[in-house]
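Per-entry structural report
One letter stands for each residue in the lines below.
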Amino acid sequence: MAGGRRRKLALSKIYGIACGKASFKEDHSQIGRPGFSRVVYSNEPDCFEAGIRNYCDNYVRTTKYTAATFLPKSLFEQFRRVANFYFLVTGILSFTRLAPYSAVSAIVPLIIVIGATMIKEGVEDWRRKQQDIEVNNRKVKVHQRDGNFHYSEWKNLRVGDIVKVEKDEFFPTDLVLLASSYEDAVCYVETMNLDGETNLKLKQALEVTSSLNDDYNFRDFKAIIKCEDPNANLYSFVGTMEFEEQQYPLSPQQLLLRDSKLRNTDYIYGVVVFTGHDTKVIQNSTDPPSKRSKIEKKMDRIIYLMFFIVFIMGFVGSIFFGVATENDLENGRIKKRWYLRPDSSEILFDPKRAPAAAIYHFLTALLLFSYFIPISLYVSIEIVKILQSIFINQDIHMYYEEADKPAHARTSNLNEELGQVDTILSDKTGTLTCNSMEFIKCSVAGTAYGRGVTEVERAMDRKKGSPLVHEKLKVQNHIEDSTDINPTIKGFNFKDERIMNGNWVDEPCADVIQKFFRLLAICHTAIPEVDEDTGKVSYEAESPDEAAFVIAAREVGFEFHKRTQTSISLYELDPVSGRRVDRLYKLLNVLEFNSSRKRMSVIVRNEEGKLLLLCKGADSVMFERLAKGGRDFEEDTREHMNEYADAGLRTLVLAYRELSEDENKAFNEKFTEAKNSVSADRETLIDEVADQIERDLILLGATAVEDKLQNGVPDCIDKLAQAGIKLWVLTGDKMETAINIGYACSLLRQGMKQVIINLDTPEIQSLEKTGEKDAITKASRKSVLEQILQGTAQVTALSAMSEAFALIIDGKSLAYALEDDMKKMFLELAIGCASVICCRSSPKQKALVTRLVKSGTGKTTLAIGDGANDVGMLQEADIGIGISGVEGMQAVMSSDVAIAQFRYLERLLLVHGHWCYRRISSMICYFFYKNITFGFTLFLYEAYASFSAQPAYNDWYLSLYNVFFSSLPVIAMGVFDQDVSARFCLKFPLLYQEGVQNVLFGWRRIVSWMFNGFYSAIIIFFFCSKALEHQAFNHAGKTAGLEIFGGTMYTCVVWAVNLQMSLSISYFTLIQHIAIWGSIAFWYLFQVVYGFLPPSFSTNAYRVFIEALAPAPSYWLTTLFVVIATLIPYFLYSAIQMRFFPMYHGMIQWIRHEGHSNDAAYVEMVRQRSIRPTTVGSTARRVARSTHQR
């Protein structure tokens, strides 16, 4: 490098990472044991030792099938469905003499239906195959054993290869970092594809390999890496590197994971340790839990019922057939059915073996009555659901233009479930709120700064109904807006003339203010990016909070502008000279934030040589760490933090201490030993060492940032509440913050009684000081149980008075409430409340609460969240909705439907959910109706023909009924039908309850449609038979035979089921007209074309339509009168119900058809049915307030 190579940096001083020579002591014994047996021969992938280990290659396959397994595996998937298996059995039996129809006519429809589904599966898998090919054929530079690197495809990489990855490229495997373009061997990594986080992670190689920063250095490089076996843990890695006869510990800091991206670094060198399906990202790519909608499960039960009906019909028919067959011959004389030649018949009609003939007849009847089961039901529903998903994806009203993100239905299996949601379980941060933090207030040296007004404060003002306060806020906002000439700065909404524009130097505690904002500018892991054109500095931070802190420090006068691995540079306002000066702080250690520590610290040396520990963290861990002499402002700071929490703000405490050289040296030794540990409790050891140094702190103050509500959240919650949907909020925030956010989004309102369950009782607090864990657990469990019982009694006592309750519980109490002996009581209390807020909830608790609600209520649950901590909740719920927001894509990747904003949930459920539920329910009911109508005519004719298993229709008429003559209209209905428009769905939210209460797919409705099918078949059969028998059919005096009777009856069935569809549809489109009338027209066209085929193929349908049916007026008159007679009962029932007993959607249809949609008084009268006294939302709040005033 130009200018010579600088002295190597002491890596133990950077980011708290001590990677020098390590004393492994006893921890090293794990390597080589089970779970830690992997050995990698770096730069020697072809050596004998590497070959015998037989590690997998780097080819990754995400497809469900291969060319060899597609046919058998796909067929197995199809015939796992009981209906398809039934048709397979009947298809096989159709090749025997038992079949009442030809084998070809039975097999072809099955092949069409199964083939269509397999083609769909194959196309989807082919797309996955194309993605696999693209990924596996990506190129990366690989060392060729001669000091040169050449491009090779990812799929050819092997364990032990040395690869060179360049800027903005993805890592092809899991690599151990050896060196980078930086002299201290660091690199920046983006892990969005892994954990959904958009921030950059810092990785650093071992010091011993950091000098290998040129290609030629790897000509003779040899090292042996021993590490853990492949596993799914993204955040752990235990291993050692044996290099030049020395062993060095490896940690996650040296591991670069496949599918993460190299950023802000020109190149890195790494050795391949895990390939292909051994990599951590592939180990994590488990299939999401299989979810089926309640309607689909119920549909299976209906099919079982249909099987039972078919079995009963076949059984009854076989008994009658057996009796009739036995009576055909008496004393050797033909008695009845002479045309069957019972004196010389085979076993199928042999009176001497009537029981056997009855059994064979039973098998024949099962084949004949198979048309009761709709063969095209499954494939039709799949087609409809895919098209419904496309409409959801393309809905412009759910497109978020700012982020260019449309809605995305990631699975189509649960469309109708969106219309049946009873309970929504929602995350707060990033879901109800923006997860875009703004620094708005702070408390420094016991003085509160920041005059901004939060949305929660405005909501609290509305709650109190104080016009004076409201006017004061308006005036204050007007003054601030008129004086604020600066453009809006993202992440900064702080207004206070005492601090801004350098005025803080005149404050009484200016030195504390200086330390406060200096701490914000130093204590973080943000990365500055300077725009070369404008010179402006922007920041890549690990969280929106951290970015807000760094921006706040910059705006006050402490601009962080440069970071190296050993230093942080600030432009500071010098309070003495008033000038902007550049100060350098040597960065010695970073004690990183994690969920158990709840704090972050840095150790720096300033230009005066002082050693400083700067710390920020949650109040629950910070106040207990203050020194006796560092609590000067504690009381005032606590008071201010409570006020900030009341205003819905997120708070952190800032403190510092000075370190002596001896303290720092002793800490470094312990910290180095902990970092070098290779044991499983390595992180615990590190935390213990950090805990010892983070003591005796001096309080500076507290920050307060606002996470604003997303646009439209209160209105969306209001509409969902009016629809009768319950909303639970599961958040990790403090109780005060969660409660006030609840007021802001109208989950809580004035006058709503709150049932609060927590463990802040004096008894528990005194026990916590003694530290007796068993006693604390026993007392806590008892306290939670008592609070649950008291709350339940309170809710029960006042429920008759229509009082609205809200349940609020913290994380500690929730842990006990979810125990087996208490969770049913907790759920009973929660169900009795209008809204539920669970505070300080862990990801596991979120999933457990979701499971409890789903299993305990038996109703449909929907979970919605945006972060990796919400994944368990999303997968546990019946429906998981991912918000594609600031926290990355992991929640979206685990979800069933992805939307960009919470407010889109309103349209997704109330419009698309209601439509999909209604369409699928009606579609399934209609499918069974049309098949019963068709199938029962076969049974009636068989009874008419002395149960001889003679089909009433031609073989191909039987086969194509479900495929061509009745399926297209039902598919069109499933895609396009609307009982009411989207505008009316949103205007009358209670319409959604039709899905929650399952009124459109209850057994009463299903059985009524089945009854409709049975009586339609009876009308068609008897009317046709009576109209055609005992009289001439045409002018030639010919009577109607089987082919004429069957053709006439079949025509009536086709007309009846298609016109029944036209009566059922609420919203006609051109496509539906084409489907309905086209199916009828296609029947006539088919008769003509099929009738012209040779008699060997068309059999008894040869020229029947042209020569017999079409010329006969009785054919057309019979069709007309029979079809009208068949439809009259349903028409009368629908008319009477609509006029005198309308369902809720019927009332809305009357509003639309009678022109009342603009009659405000009439519409409001109907809408009032949507508002319940125990619900939540802004509408309910206004109603409650007006009731209270009266």
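Owing to the predicted nature of the structure, the values given are computational and were not obtained by experimental measurement.

The antiparallel open sheet is built from 4 strands, whose spatial order is β1-β8-β9-β10. Each edge of the open sheet carries a strand with a single partner, namely β1 (38-42) and β10 (246-250). This sheet shows a mean twist of 20 degrees between the axes of neighbouring strands, independent of strand direction. Across 4 bridges, strand β8 (residues 223-227) lies against strand β9 (residues 239-243) in antiparallel orientation. When the sheet's bridge partners are listed, K226 is paired in β9 with T240.

Our next topic: the nonpolar core. The biggest cluster of nonpolar side chains holds 108 residues, and the ones touching the most others in it are M306, F934, Y953, Y1050 and W1083. In terms of residue count, helix α27 (residues 904-944) provides more of this core than any other element does, 16 residues in total. In contact with M306, not counting residues within four places along its chain, are F372, I373, F928, I932 and M1010. Core analysis: the second largest hydrophobic core is formed by 74 residues, F492, L588, L613 and L699 among them.

As a further point, take the pattern of salt bridges. The final tally for this structure, using the stated rule, is 45 salt bridges. Note that R907 is salt-bridged to D395, the shortest N-O span being 2.5 Å. You can see R907 sitting in helix α27 and its partner D395 sitting in the loop between α9 (377-393) and β16 (408-409), a full 512 residues away along the chain. Since its relative accessible area comes to 16%, R907 is described here as buried. Here E634 and R638 are joined by a salt bridge, their closest N and O atoms 3.0 Å apart.

Turning next to a negative patch on the surface. Judged by side-chain charge, E635, D636, E639, E643, D646, E736 and D760 come together as a negatively charged surface patch. If one sorts the elements of the negative patch by residue count, helix α15 (residues 634-646) sits on top with 5 residues. Within the fold, D646 resides in helix α15.

A surface patch of nonpolar side chains, amounting to about 1,100 Å² of accessible area, comprises L1063, L1117, L1120, F1121, I1124, I1128, F1131, L1132, I1136, F1140 and F1141. In this structure, L1132 sits in helix α37 (residues 1113-1140).

We now examine the confidence of the model for the chain. Overall, the predicted model of the chain reaches an average pLDDT of 83, with 85% of residues at or above 70. Confidence over residues 1170-1174 falls short of pLDDT 50; this stretch has 18 contacts with residues more than four positions distant or in other chains.

This part takes up the packing of helix α32 (residues 1003-1028) against α37. As a packed pair, α32 and α37 sit with axes 9 Å apart at the nearest point and diverge in direction by 155 degrees. As summarised for this structure, α32 and α37 are arranged roughly antiparallel, according to the angle between their axes. Between α32 and α37 lies a crossing of right-handed hand. On α37, the residues touching W1009, N1012, Y1015, S1016, I1019, I1020, F1023, C1024, A1027 and L1028 of α32 are T1118, V1122, A1125, T1126, P1129 and Y1130. Along the lines of polarity and charge, the residues of the contact of α32 with α37 split into 12 nonpolar, 4 polar and no charged.

Overall, the coordinates contain 63 aromatic pairs when judged by the stated rule. With a centroid separation of 6.2 Å and 65 degrees between ring planes, the pair formed by Y957 and F1086 is classed as edge-to-face. Of this pair, Y957 sits in helix α28 (residues 955-965) while F1086 sits in helix α34 (residues 1070-1091), and the two are 129 residues apart along the sequence. Ring plane angle 85 degrees and centroid distance 5.1 Å describe the contact between F1021 and F1022, whose orientation is recorded as edge-to-face. Residue F1021 is classed as buried on the basis of its relative accessible area, which comes to 1%. The side chain of R38 reaches across the aromatic face of Y55, ending 4.0 Å from its centre. R638 extends its terminal NZ or CZ atom over the ring of F623, reaching a point 4.0 Å from the ring centre.

Here is what the cut-offs are and how they apply
Residues numbered from 1 in each chain as written. Predicted model: local features only at pLDDT ≥ 70, side-chain atom pairs only at ≥ 80, totals over all residues. Heavy atoms only, no water. Pairing = 2+ DSSP bridges. Helix = DSSP H or I, 4+ residues; strand = E, 2+ residues; numbered from the N terminus. Axes fitted to C-alpha atoms, helices over the stretch in contact; angles between N-to-C directions. Core = buried A, V, L, I, M, F, W, Y, C linked by side-chain atoms within 4.5 Å. Buried < 20%, exposed > 50% of the residue type's maximum accessible area, 1.4 Å probe, protein only. Contact = heavy atoms within 4.5 Å. Salt bridge = Lys/Arg side-chain N within 4 Å of Asp/Glu carboxyl O. Patch = residues over 30% accessible without salt bridge, like charges linked within 9 Å, V, L, I, M, F, W, Y side chains within 5 Å. Areas by Shrake-Rupley, 256 points an atom, 1.4 Å probe, with all protein chains shown as cover. Lys, Arg positive; Asp, Glu negative; His and termini not counted. Charge placed at Lys NZ, Arg CZ, Asp CG, Glu CD. pLDDT = per-residue confidence, 0-100. Parallel < 35°, antiparallel > 145°, perpendicular 65-115°, else oblique. Left-handed = near helix turned anticlockwise from the far one by under 90°. Nonpolar A, V, L, I, M, F, W, Y, C, P; charged D, E, K, R; others polar. Phe/Tyr/Trp six-rings, centres within 6.5 Å; stacked < 30°, edge-to-face > 60°. Lys NZ or Arg CZ within 6 Å of the ring centre and 35° of its normal.

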